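# Coordinate analysis (summary)
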Amino acid sequence: MLSTTRTAARDRRVLTAAVELLGETGVDQFTFDALAGRAGVSKATLYRRWPSKSELIAEAVRRRVGLFLMEFDRQSFRGDVLHVLTEVTAWLVRDAAVLRTLTDASRRDDALREAVERRLAWPLDAVWEDVLDRARARGELRSDVDLSWLNELCQAVLFNRILVVGDPVTEAFLQRLTDEIIVPTFTGSRPT
């Protein structure tokens with residue numbers, strides 16, 4: 001039996017190879033055979049750890065975003081929003097090709113869509129919920145606005161700009177989005 005350290009190192013190697021392979025082949029041509037060869041493991045090892053291609057792909061992409069899903073607190077709604085927007089932007093820019101492939105394949109593959117929702121969408125939703133919980137506790141939010149729009153609004157703007165249109169997202173753009181749209185909409189005031 002492998003030690004926990006060796007197992008973790010092997011998993012990292014496999015998941016890194018999976019993202020690389022996914023970027024090269026897309027979901028439809030992604031196979032456990034090709035991944036096993038690239039990662040230097042057996043197919044049996046892959047199937048023991050990941051019961052399906054969908055689960056493996058979703059976990060591989062999820063691991064790429066793991067850092068920004070860690071806990072943080074910038075001590076203000078504005079600071080937290082800017083932090084998450086910056087981290088999500090970096091991820092979308094870095095992995096745009098893989099995410100386009102994943103989005104397209106998820107439309108055709110229910111198992112992949114469910115795995116992506118569980119491993120990517122839900123954890124990202126939780127990040128935004130934490131931002132809202134902290135802002136609510138600090139008394140920063142309006143009581144008359146549907147807070148569930150925060151996640152969808154932010155993601156829609158970033159996904160459209162980066163993955164669909166291909167326009168750059170600069171720090172200045174994120175500050176304008178935060179200061180002119182998000183903060184006023186959810187707090188009722190504009191940052192000074």
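Residues numbered from 1 in each chain as written. Predicted model: local features only at pLDDT ≥ 70, side-chain atom pairs only at ≥ 80, totals over all residues. Heavy atoms only, no water.

### A look at the overall build of the chain
Applied cut-off: Helix numbers and strand numbers start at the N terminus; a helix is a DSSP run of H or I with at least 4 residues, a strand a run of E with at least 2. The cut-offs for exposure are 20% and 50% of the maximum accessible area for each residue type, with area from a 1.4 Å probe on protein chains only; residues under the lower value are buried, those over the upper are exposed, and the others partly exposed. In what follows, residue pairs with any heavy atoms lying within 4.5 Å of each other are defined as contacts. Only four residue types enter the tally: Lys and Arg on the positive side, Asp and Glu on the negative side; His and the chain ends are excluded. By convention, charge coordinates are those of NZ in Lys, CZ in Arg, CG in Asp, or CD in Glu.
Helix and strand counts for the chain come out as nine helices and zero strands. Counting from the amino terminus, the chain carries its helices and strands in the arrangement α-α-α-α-α-α-α-α-α. Expressed as lengths along the three principal axes of its C-alpha atoms, the size of the chain is roughly 55 × 40 × 30 Å. Buried positions account for 44% of the 192 residues belonging to the chain. Of the contacts made within the chain by residues no fewer than 6 positions apart, 66% connect residues no fewer than 24 positions apart. Between the centroid of the 28 positive side chains of the chain and the centroid of its 29 negative side chains there is a distance of 6 Å.

### A look at the side chain of Thr45
Defined as follows: We call two N or O atoms a polar contact when they sit within 3.5 Å, provided that within protein one can donate a hydrogen and the other can accept it, with sequence-adjacent residues counted only if both atoms are side-chain atoms.
Looking at the secondary structure, you find Thr45 in helix H3 (residues 43–49). Thr45 sits in the buried class, given a relative accessible area of 14%. Looking at Thr45, its side chain comes within polar contact range of the side chain of Ser42, at 2.9 Å. In this structure the side chain of Thr45 is engaged in a polar contact, spanning 3.3 Å, whose partner is the side chain of Arg48.

### A few points about the pattern of salt bridges
Note the following rule: Counted as salt bridges are all cases of a side-chain nitrogen of Lys or Arg within 4 Å of a carboxyl oxygen of Asp or Glu.
Inspection of every chain in the model, using the stated rule, returns 23 salt bridges. The partner of Asp33 in a salt bridge is Lys43, and the shortest N-O contact between them spans 3.0 Å. Here Asp33, found in helix H2 (residues 32–39), pairs with Lys43, found in helix H3; they are ten residues apart in sequence, far enough to count as distant. The class for Lys43 is partly exposed, based on a relative accessible area of 37%.

### Describing the packing of helix H4 (residues 53–65) against helix H7 (residues 110–137)
Helix-helix packing is described using two parameters, namely the angle between the two axes and the distance between the axes. Applied cut-off: Each axis is a line fitted through C-alpha atoms, and for a helix only the stretch in contact is used; angles between axes span 0 to 180 degrees, taken between their N-to-C directions. Convention used here: angles under 35 degrees read as roughly parallel, angles over 145 as roughly antiparallel, angles from 65 to 115 as roughly perpendicular, and any remaining angle as oblique. Left-handed describes a crossing whose near helix is turned anticlockwise from the far helix through less than a right angle; right-handed describes the clockwise counterpart. Each residue gets one of three labels, nonpolar for Ala, Val, Leu, Ile, Met, Phe, Trp, Tyr, Cys and Pro, charged for Asp, Glu, Lys and Arg, and polar for the others, Gly among them.
Closest axis-to-axis distance for the H4/H7 pair is 8 Å, and the angle between their directions is 20°. Taken together, the axis directions place H4 and H7 in an arrangement best described as roughly parallel. For the element pair H4 and H7, the recorded crossing hand is right-handed. In this structure, H4 uses Ser54, Glu55, Ile57, Ala58, Glu59, Val61, Arg62 and Val65 to contact H7, whose residues at the interface are Ala111, Leu112, Ala115, Val116, Arg118, Arg119, Leu120 and Pro123. Tallied by class, residues from the contact of H4 with H7 come to ten nonpolar, one polar and five charged.

### Some remarks on the packing of aromatic side chains
Short version of the rule: Between the rings of Phe, Tyr and Trp (Trp by its six-membered ring), a pair exists once the centres lie within 6.5 Å; its type follows the angle of the planes, with under 30 degrees stacked, over 60 edge-to-face, and the other angles tilted. Lysine and arginine charges are scored as sitting over a ring when NZ or CZ, respectively, is within 6 Å of the ring centre and within 35 degrees of the ring normal.
According to the stated counting rule, one finds two aromatic pairs in the structure shown. Plain terms: the ring middles of Phe77 and Phe186 are 6.4 Å apart, the flat faces sit at 55° to each other, and that makes the pair tilted. One end of the pair, Phe77, is in helix H5 (residues 77–94); the other, Phe186, is in helix H9 (residues 171–187), with 109 residues separating them in the sequence. For Phe186, a relative accessible area of 1% puts it in the buried group. Taking the ring centre of Phe173 as reference, the NZ or CZ of Arg161 above it sits at 4.0 Å.

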